[in-house]
Amino acid sequence: MSNYKITLLKGDGIGPEIVDEAVKVLNKTAEKFNFTVEYDEALMGGCAIDATGMPLPQETIDKCKASDSVLLGAVGGPKWDNLPGSQRPEAGLLGIRGALGLFANLRPSVIFEPLQGDSPIKDEIIGGKLDIMIVRELTGGIYFGKRGRCDHENGTPAAWDTEMYSELEVERIARVAFDMAMKRNKKVTSVDKANVLESSRLWRETVIRVSKDYPEVELNHLYVDNCAMQLVRNPRQFDVIVTSNIFGDILSDEASMIAGSIGMLASASLAEGSFGLYEPIHGSAPDIAGQGIANPLATILSVAMMLRYSLNQPEAADAIENAVNETLKTYRTPDILSADTKKVSCSEMGDMVCAAL
Ligand code: NAD
């Protein structure tokens, strides 16, 4: 029987509440699919600052490295908002991506059938189905490039950031996207700004070169401004989108809203091999923390991604996604409640998904 070691980074705000529900569902899934899970907890974000003075203690990195996979709730909150940038909870997020080599961020934008009416985009544009996978480069580009302050030639204070990509960085993220497309609808859209940026021209040349190894996959290129427009004009044209760190940050938030509530969307951040960190795309929602009303489904769906991409349990992943779909027909947390569904708490939602499993 397989046994998996999972490190839990519950974090701040609603983090602990939603991770507890995801663990409940993972335990139920393990029982049903005949595997076992061992958990270890570690501190990251505001809770780590309070306990150790820093957002990402070395012990947390060590525990994550010793596990098969990591599940993260969310970090941050007003209590820590006035700390300098490098000491804020969110610095833990950038730090853990670098420390664990999590270079590929996968963000699926999927609408569950019972929530179809909730997209801000008209039904006729969505066309009954939305299933886009955004593959965002996560450890390079402008968020990790050199930056600084200087005096501008016009005499006023100025600041600069650098976008730099190596061929190797582009090639490995492109391969993740093409491999993903091979398991889906065999279409990759590479997004850049090659009409202006030299780093984008290298990006495009490299993606074209990698595409030769995937003759079955159709490749097209869009400038990022056009892609932002196409996502709301005709989102059905997309299968897999591959793009840089900053463009992916912005486009994946846009794509996630097309799918409806922020409380529904999961993500995976993958290293070379099968190791990954899984988390909902939303933040720590301090405005509703401790009230038992948070929607745990994005975190539960992050566990499904973990089973699919890190733990090689695709049937268990499908079972969780089907159970979520079933549950949504009758039960909803307040953020997605509709007239014909019953309101449940965060913990009851976890129970209902377990029951549907
Ligand atoms: P947020 O995503 O936490 O909240 C935005 C809105 O969505 C709030 O009204 C919140 O109540 C609601 N919401 C979010 N998740 C929900 C859920 N599961 N169920 C029901 N409602 C939900 O974004 P924010 O308010 O901009 O940020 C709050 C804190 O989270 C900040 O400190 C921010 O830096 C941090 N943050 C962390 C992460 C992360 O840990 N990966 C990501 C984004 C923001």
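So, a few notes on the structure that sits alongside this text. (Residues numbered from 1 in each chain as written. Predicted model: local features only at pLDDT ≥ 70, side-chain atom pairs only at ≥ 80, totals over all residues. Heavy atoms only, no water.)

We now examine the pairing of strand β1 (residues 3-11). Of all 9 residues in β1, 7 are buried, a share of seventy percent or more. Where β1 and strand β2 (residues 36-41) come together, 6 bridges link them in parallel fashion. In the strand pairing of β2, leucine 8 is matched with glutamate 41. Crossover connection from β1 via helix α1 (residues 15-33) to parallel β2: handedness right-handed. Where β1 and strand β3 (residues 69-74) come together, 5 bridges link them in parallel fashion. Looking at the pairing, leucine 9 lines up with leucine 72 of β3. (Buried < 20%, exposed > 50% of the residue type's maximum accessible area, 1.4 Å probe, protein only. Helix = DSSP H or I, 4+ residues; strand = E, 2+ residues; numbered from the N terminus. Pairing = 2+ DSSP bridges. Right-handed = clockwise from strand over helix to strand, strands pointing away.)

If you trace the 10 strands from one edge of the open sheet to the other, you get β2-β1-β3-β12-β11-β4-β5-β10-β8-β9, paired in mixed fashion. Either end of the sheet is taken by a strand with one partner, and the two such strands are β2 and β9 (218-223). With direction set aside, neighbouring strand axes in the sheet form an average angle of 25 degrees. Strand contacts of helix α9 (residues 245-258): β4 (104-110), β5 (131-137), β8 (187-192) and β10 (240-243), with the helix running at about 155 degrees to β5, the strand carrying the most contacts. (Axes fitted to C-alpha atoms, helices over the stretch in contact; angles between N-to-C directions. Contact = heavy atoms within 4.5 Å.)

So, about the packing of aromatic side chains. According to the stated counting rule, one finds 3 aromatic pairs in the structure shown. A ring pair is formed by tyrosine 4 and phenylalanine 35, whose centres lie 5.5 Å apart and whose planes are at 70 degrees; its orientation type is edge-to-face. Remark: phenylalanine 35 occurs in the loop between α1 and β2 and tyrosine 4 occurs in strand β1; sequence separation between them is 31 residues. You'll find tyrosine 4 and phenylalanine 35 in the same group, each marked buried. (Phe/Tyr/Trp six-rings, centres within 6.5 Å; stacked < 30°, edge-to-face > 60°.)

This next bit is on the site of the ligand. Near the ligand you find 20 residues, and of these Val75, Glu90, Gly283, Ala285 and Asp287 are the closest. Separating an oxygen atom of the ligand from a backbone N or O atom of valine 75 is a distance of 2.9 Å. Considering the ligand on its own, with 810 Å² of exposed area, one finds that the protein chains cover 68% of that surface. The residue inventory of the shell around the ligand, partitioned by class, reads 9 nonpolar, 7 polar and 4 charged. (Near = heavy atom within 4 Å. Polar contact = N/O pair within 3.5 Å; in protein donor to acceptor, adjacent residues only side chain to side chain. Areas by Shrake-Rupley, 256 points an atom, 1.4 Å probe, with all protein chains shown as cover. Nonpolar A, V, L, I, M, F, W, Y, C, P; charged D, E, K, R; others polar.)

Under the defined criterion, the tally for this structure stands at 26 salt bridges. The residue glutamate 171 makes a salt bridge to arginine 209 at a minimum N-O spacing of 3.3 Å. Within this pair, whereas glutamate 171 is found in helix α6 (residues 167-182), its partner arginine 209 is found in helix α7 (residues 198-211), the two being separated by 38 residues in sequence. Of the residues examined, arginine 209 reaches a relative accessible area of 39% and is grouped as partly exposed. With its nearest N and O atoms 2.9 Å apart, the salt bridge here joins arginine 184 to aspartate 239. Here arginine 184, found in the loop between α6 and β8, pairs with aspartate 239, found in the loop between α8 (224-233) and β10; they are 55 residues apart in sequence, far enough to count as distant. Assessed through its relative accessible area of 22%, arginine 184 is described here as partly exposed. Taking the relative accessible area as the measure of exposure, aspartate 239 reaches 3% and is therefore buried. Connected through shared salt-bridge partners, Glu167, Glu171, Arg175, Arg209 and Asp213 make up one network. (Salt bridge = Lys/Arg side-chain N within 4 Å of Asp/Glu carboxyl O.)

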